Each structure stands twice: as structure tokens, then as C-alpha cells.
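Overview (structure and organization)
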Amino acid sequence: MLWLSQEKYVTKVLQRFNMNNAKSIGSPLGLNCKLNSSQCSRGEKDKIEMRRVSYASVVGSLMYAMVCTRPNIAFVVGTLRRYMSNPCKEHCAIVKWILKYLKGTSSVCLRYGSKKPMLEGFTNSDMSADVDSTGSTSRYVMTYTRGAMSWQ
């Protein structure tokens, strides 16, 4: 049995962004949460305020966790990265939501190994999930011996 964990990394990220005392949340994204470009900062005052937020840094930290051991946050982090050049308060709220989710699930890890080696694939699609382009999105995860190997 092989276990891959980033529990210490998640703890360091939570400390770095002052979220280590936040209340944990049980899901990586709230229901009916749709991010779009119309939420982005419009006025100069909003843009100046958002420059004080380390949005790109925290999203980059989340991307590292996602790529290494946390495919369960891939969809929301992939969506958040689209707004790195012009984030807004709503996007920052979602980032905090994900950090709270990671706080409650920091011990979650990828597990490889079982008595019967099996390759499995799972897919999902949404025909109008991208609010900005009204385009469809699709997701997949491939597992081997019950551990995620590839996801998008």
C-alpha cells in the first residue's frame, strides 16, 4: 500500500494565509456558486483594494496541492486561475472557502494499492458550466488500484 499526503504542506499554506484558525468546511465548493468575469473588479478603487490581496500567491499554492495530491479541488482551482489578472471579492471568498475545506480535510491523501489491480476511468460534463462563454466543461479522473493517477 502506498499513501501520498500533503498534510504538512496544507498546514503551512493555512498558516501563511492566516487561515489556520478558520472553521473547516465539508465541501470544496458551495452549491450554486458560479464564477464569472462580470464579478471582476471594475473601478480603480476596487482594483487598488484587490492589489493588497495575495490572490495569485494563494491560487498558486492551491494549484500545487491540486497537481500533487488533491484532485478533488481541481475544478474550482482551475476556474479561479482564470481570474488571476483581475480578481474580485467574490473570487477571494471562494479562495477562503477552499482553504477552509483543506483545513478540514488536510489528512486526506491518495492511496494506491489493492488486492486486484484495476484501471478505472470516470467522467463528468456540464453543457453550460462556463458562465462567461456558455461553453461546456468536462472532467475526468483515471484511477489505478483505487488511487487517482490522472485528472483534469
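The preceding data block contains the structure.
Sequence order sets the numbering: in each chain, residues are counted from 1 along the sequence as written. The predicted origin of the model limits local features to residues at a pLDDT of at least 70 and limits the giving and counting of side-chain atom pairs to 80 or more, whereas totals for whole chains, interfaces and linings rest on all residues. With hydrogens and water stripped out, all remaining heavy atoms of the structure feed into the side-chain values.

1. Focus: the overall build of the protein chain
Strands here are runs of E lasting at least two residues and helices are runs of H or I lasting at least four, both read from the DSSP assignment and numbered beginning at the N terminus. Each helix and strand counted, the protein chain has five helices and five strands in total. The helix and strand sequence of the protein chain, counted from the amino end, reads β-α-α-α-α-α-β-β-β-β. Working definition: with a 1.4 Å probe on protein chains only, accessible area under 20% of the residue-type maximum means buried, over 50% means exposed, and in between means partly exposed. Counting over 152 residues, the protein chain shows a buried share of 34%. Taking the contacts inside the protein chain whose residues are at least 6 apart along the sequence as the reference set, 71% of them involve residues at least 24 apart. Here the Shrake-Rupley method, with its probe set to 1.4 Å, supplies the accessible areas, and only the displayed protein chains count as covering residues. Here the protein chain has roughly 9,400 Å² of accessible surface; of this, 53% comes from carbon and sulfur atoms. Only heavy atoms matter for contacts: two residues are in contact if any of them lie within 4.5 Å across the pair.

2. Side note on helix H5 (residues 89-104)
Between its first and last C-alpha atoms H5 spans 23 Å; for 16 residues at 1.5 Å apiece the expected length is 22 Å, and the two agree. Considered for burial, the residues of H5 that qualify are His91, Cys92, Ile94, Val95, Ile98, Leu99, Tyr101 and Leu102. Helix span, expected: 1.5 Å multiplied by one less than the number of residues in the helix.

3. What about the nonpolar core?
Take the buried Ala, Val, Leu, Ile, Met, Phe, Trp, Tyr and Cys residues and link them wherever side-chain atoms come within 4.5 Å; each set so joined is a nonpolar core. In terms of nonpolar packing, the biggest core is built from 28 residues, with Ile73, Leu80, Val95, Ile98 and Leu99 touching the most fellow members. Sorting the residues of this core by element identifies helix H1 (7-16), helix H3 (55-68), helix H4 (74-80), H5, strand E2 (110-112) and strand E5 (147-151) as the ones contributing at least two each. The biggest single contributor to this core is H5, with seven residues. Beyond its immediate sequence surroundings of up to four residues, Val95 is in contact with Tyr55, Val58, Val59, Leu62 and Leu80.

4. Overview of the layout of surface pockets
Think of a 1 Å grid over the protein atoms and nothing else: a 1.4 Å probe that fits but is trapped marks a cavity, an open set flanked by protein within 12 Å on at least five of seven lines marks a pocket, and residues with an atom within 4 Å of a point count as lining. Grid points are joined across faces, edges and corners, and a volume is the space filled by probe spheres set on the points. Estimates place the volume of the largest pocket at around 660 Å³. The wall of the largest pocket is formed by 23 residues, among which Pro71, Ala74, Phe75, Arg139 and Gln152 lie closest to the centre. Looking at the lining of the largest pocket, the elements that each hand over two or more residues are H4, strand E4 (137-144) and E5. It is E4 that provides the largest number of residues to the lining of the largest pocket, a total of five residues. Residues are sorted three ways: Asp, Glu, Lys and Arg are charged, Ala, Val, Leu, Ile, Met, Phe, Trp, Tyr, Cys and Pro are nonpolar, and all the rest, Gly among them, are polar. Of the residues that constitute the lining of the largest pocket, the class distribution is eleven nonpolar, eight polar and four charged.

5. Remarks on the packing of H1 against H3
Fitted lines through C-alpha atoms serve as axes, helices being fitted only where they are in contact, and the angles separating the N-to-C directions of these axes extend from 0 to 180 degrees. Two elements in contact, H1 and H3, have axes separated by 11 Å at closest approach and are oriented at 170 degrees. Judged on the interaxial angle alone, H3 and H1 are roughly antiparallel. Touching Tyr9, Val13 and Arg16 of H1 are Ser57, Ser61, Tyr64 and Ala65, all from H3. Looking at the contact of H1 with H3 residue by residue, the classes come out as four nonpolar, two polar and one charged. Here roughly perpendicular refers to angles of 65 to 115 degrees, roughly parallel to angles under 35, roughly antiparallel to angles over 145, and oblique to all remaining angles.

6. Digging into the sheet that holds E5
Strands pair, by our definition, only if DSSP identifies at least two bridges between them. Taken in spatial order, the three strands of this open sheet run E3-E4-E5, and their pairing is antiparallel. Here the strands that pair on one side only, and so sit at the sheet edges, are strand E3 (119-126) and E5. Across the sheet, the axes of successive neighbouring strands diverge by a mean angle of 25 degrees, strand direction being ignored. Taken together, the four bridges between E4 and E5 define a ladder with antiparallel strand orientation. Bridge pairing in E5 places Met142 opposite Ser150.

7. Side note on the environment of Ser5
With respect to the helices and strands, Ser5 occurs in the loop between strand E1 (2-4) and H1. Among the residues examined, Ser5 registers a relative accessible area of 43% and is labelled partly exposed. Here the alpha-carbon distance between Ser5 and Arg111, two residues 106 residues apart in the chain, equals 8.9 Å. The residues touching Ser5, leaving out its near neighbours within four places in the chain, are Thr69 and Cys109. At a separation of 3.2 Å, a polar atom in the side chain of Ser5 contacts the main-chain amide nitrogen of Glu7. Here a polar contact means two N or O atoms within 3.5 Å. Within protein one must be a hydrogen donor candidate and the other an acceptor candidate, and residues neighboring in sequence count only if both atoms are side-chain atoms.

Distances and angles like these do not, on their own, reveal function.
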